Amino acid sequence: MKTFLKILKWMGIIVLLIIGGLVAIVYARHDRHFEAPLPDIKASTDSAVIARGKYLVYGPGHCNYCHGTNEEVARMKQGETLPLAGGYLFDIPIGKLYTPNITPDPETGIGKLSHAEIARALRYGVNHRGEAMLEFMSFQNASDEDLAAIISYIRSMPPVKRELPAKEYNFLGKAISAFVLKPSGPAATPPQSVKIDSTADYGKYLATSIANCRGCHTPRDMMTGAYIGPDFSGGERFNSETGGKEQYVSANLTPDKESGHIAGWSEEAFIQRFRRGRFYAGSPMPWESYGRMSDSDLKAIYRYLQTVQPIRNHTGPTYIPADSTKQ
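Residues numbered from 1 in each chain as written. Predicted model: local features only at pLDDT ≥ 70, side-chain atom pairs only at ≥ 80, totals over all residues. Heavy atoms only, no water.

### Notes on the pairing of strand β2 (residues 95-98)
Going by this rule: Buried, partly exposed and exposed residues are distinguished by accessible area as a fraction of the type maximum, computed with a 1.4 Å probe on protein chains only: under 20%, between the cut-offs, and over 50%, respectively. Each helix is a run of H or I in the DSSP string that is no shorter than four residues. Each strand is a run of E no shorter than two, and both are numbered from the N terminus. Pairing between strands is defined by DSSP: at least two bridges between them are needed.
Of the two faces of β2, only one is covered, namely that formed by Gly95 and Leu97; the face formed by Lys96 and Tyr98 stays uncovered. Across four bridges, the pairing between strand β1 (residues 89-92) and β2 is antiparallel. Directly across from phenylalanine 90, in β2, lies its bridge partner leucine 97. Connecting the antiparallel pair β1 and β2 is a turn made up of two residues.

So, in C-alpha cells, the structure goes:
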C-alpha cells in the first residue's frame, strides 16, 4: 500500500511539474515578436486617392464597422461618418480586445507611425511593435494602390486623442498567442494596381481581398482561422452582434442549384438586397457598409460568385431564433 501511495505521490508531482512547465512556457512566449517586410507604400494628398480610400474604408473594407466605440459603431451603422478612433470591445473567449485608434493623433493614434509600418500591419498582420495581429482584417492581398489610398484617407482624418485599454488576454489567449497566433501575409505578390470595372475578375478581388466575403462564407477553424472547407460554401455560425441568444449562419454563395442561397437570383435582385440593408439587428454582416458600394462593384461580386465551384451544402436558415430547437 505504501508503495502505491508513493507512486501516486510522484505521479502527482510529475503532473504538477508538467503543468507548471507549460504555464511558464506560455508566459515566456505569449508576447512573441515577428519580422515582416515594410512595403514601399506612401500616402498621398491627391483628392482622388483620398476619395478612393474613403470609399474603401466606409464601403467594401467596412473599417468603420469596428474602429469606434460600441456606441459610435452603432451610429456609423446608421450612416454617420465618424473618425475611426477605436475602442470597440471584442469580449471573446480568449480575452477582451479593443480596436485601436487609427486617426492621426500622434500620442494615442497612428500619427507617429510611418506609412510603411501601417502598410505592414494591413498586409502582413504585424504591428509597429512586431506583434502578430489577430486576423480581423482582410487586406493582405490588396493592391499597392488601394493600400496607399486607405492610408492616405486615414492620414487625412482629424486626429482624435483617445486613450484605450490594452488588450487583456486570459490564459487561453496567452496560450494561443504563444503557440498558434502568427502573422498572415499575402498568398502571392499583391498587384501594384487593379482595373476597377464590373467584371468577375474585379469581383474576385473585392470578395477575397477587400470586402472579406470569403472570410465569413467559407468554413474555418475557429481556433486558428485556417480555411477548412470549400470557398463560399457557407455554414459558419455566428453569435448575435447585440448580445442576444440568436445565431446567424453564413449562406452558401456558390451557384449550386439545390443549396446555393443566391443561385436563383438575378444580378438586379442581388444589388437590391444590399440596398434594402439589415433585416436583423444582431446580424454580423456589415450591411450598412456594403450598402454604400457602387452598383458596378456589386455587379462584379455577383458575376464572380457565378464562377466559383458549385458546392452542395444545405446550410439551412441564415437566422436561428433564440428559442429555436435547431441548435
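Now that the structure has been shown, we can carry on.
### With respect to the packing of aromatic side chains
Note the threshold: For this analysis, a ring pair means two rings from Phe, Tyr or Trp (six-membered ring only for Trp) whose centres lie within 6.5 Å, classed as stacked if their planes differ by under 30 degrees, edge-to-face if by over 60, and tilted for the remaining angles. Only lysine NZ and arginine CZ atoms are considered, and such an atom sits over a ring when it is within 6 Å of the ring centre and within 35 degrees of the ring normal.
Applying the stated criterion to the full structure yields eleven aromatic pairs. Between tyrosine 248 and tyrosine 319, the ring centres sit 5.6 Å apart and the planes meet at 45 degrees, which makes this aromatic pair tilted. Placement of the pair is tyrosine 248 in strand β5 (residues 247-249) and tyrosine 319 in strand β6 (residues 319-320), with a sequence separation of 71 residues. Taking the relative accessible area as the measure of exposure, tyrosine 319 reaches 26% and is therefore partly exposed. Pairwise contacts between aromatic rings join Phe270, Phe274, Trp287, Tyr290 and Tyr302 into one cluster. The cationic tip of arginine 220 hangs over the ring face of tyrosine 227; the distance from NZ or CZ to the ring centre is 4.3 Å.

### So, the nonpolar core
So the rule is basically this: For our purposes a nonpolar core is just a set of buried Ala, Val, Leu, Ile, Met, Phe, Trp, Tyr and Cys residues, chained together by side-chain atoms within 4.5 Å. Contacts are residue-level and defined by heavy atoms, with any inter-residue pair within 4.5 Å sufficient.
If you look at the biggest cluster of nonpolar residues, it comprises 57 residues, and the most contacted ones within it are Val57, Leu84, Phe139, Ile154, Phe232 and Leu305. Every element with two or more residues in this core is listed here: α2 (47-58), α3 (70-77), α4 (115-124), α5 (144-156), α7 (200-210), α9 (267-276), α10 (287-290) and α11 (295-305). With sequence-adjacent residues up to four places away left out, isoleucine 154 is seen in contact with Val57, Ile102, Pro104, Ile110 and Ile118.

### Let's talk about the side chain of asparagine 212
Note on placement: asparagine 212 falls in the loop between α7 and α8 (213-217). Not counting residues up to four positions away in its chain, the partners in contact with asparagine 212 are His62, Ser138, Leu206 and Ala207.

### Focus on unusual backbone geometry
Phi is positive for asparagine 212, close to 60 degrees, though the residue is something other than glycine. For asparagine 212, a relative accessible area of 18% puts it in the buried group. The backbone of phenylalanine 232 shows a phi angle near 65 degrees, a positive value even though the residue is not glycine.

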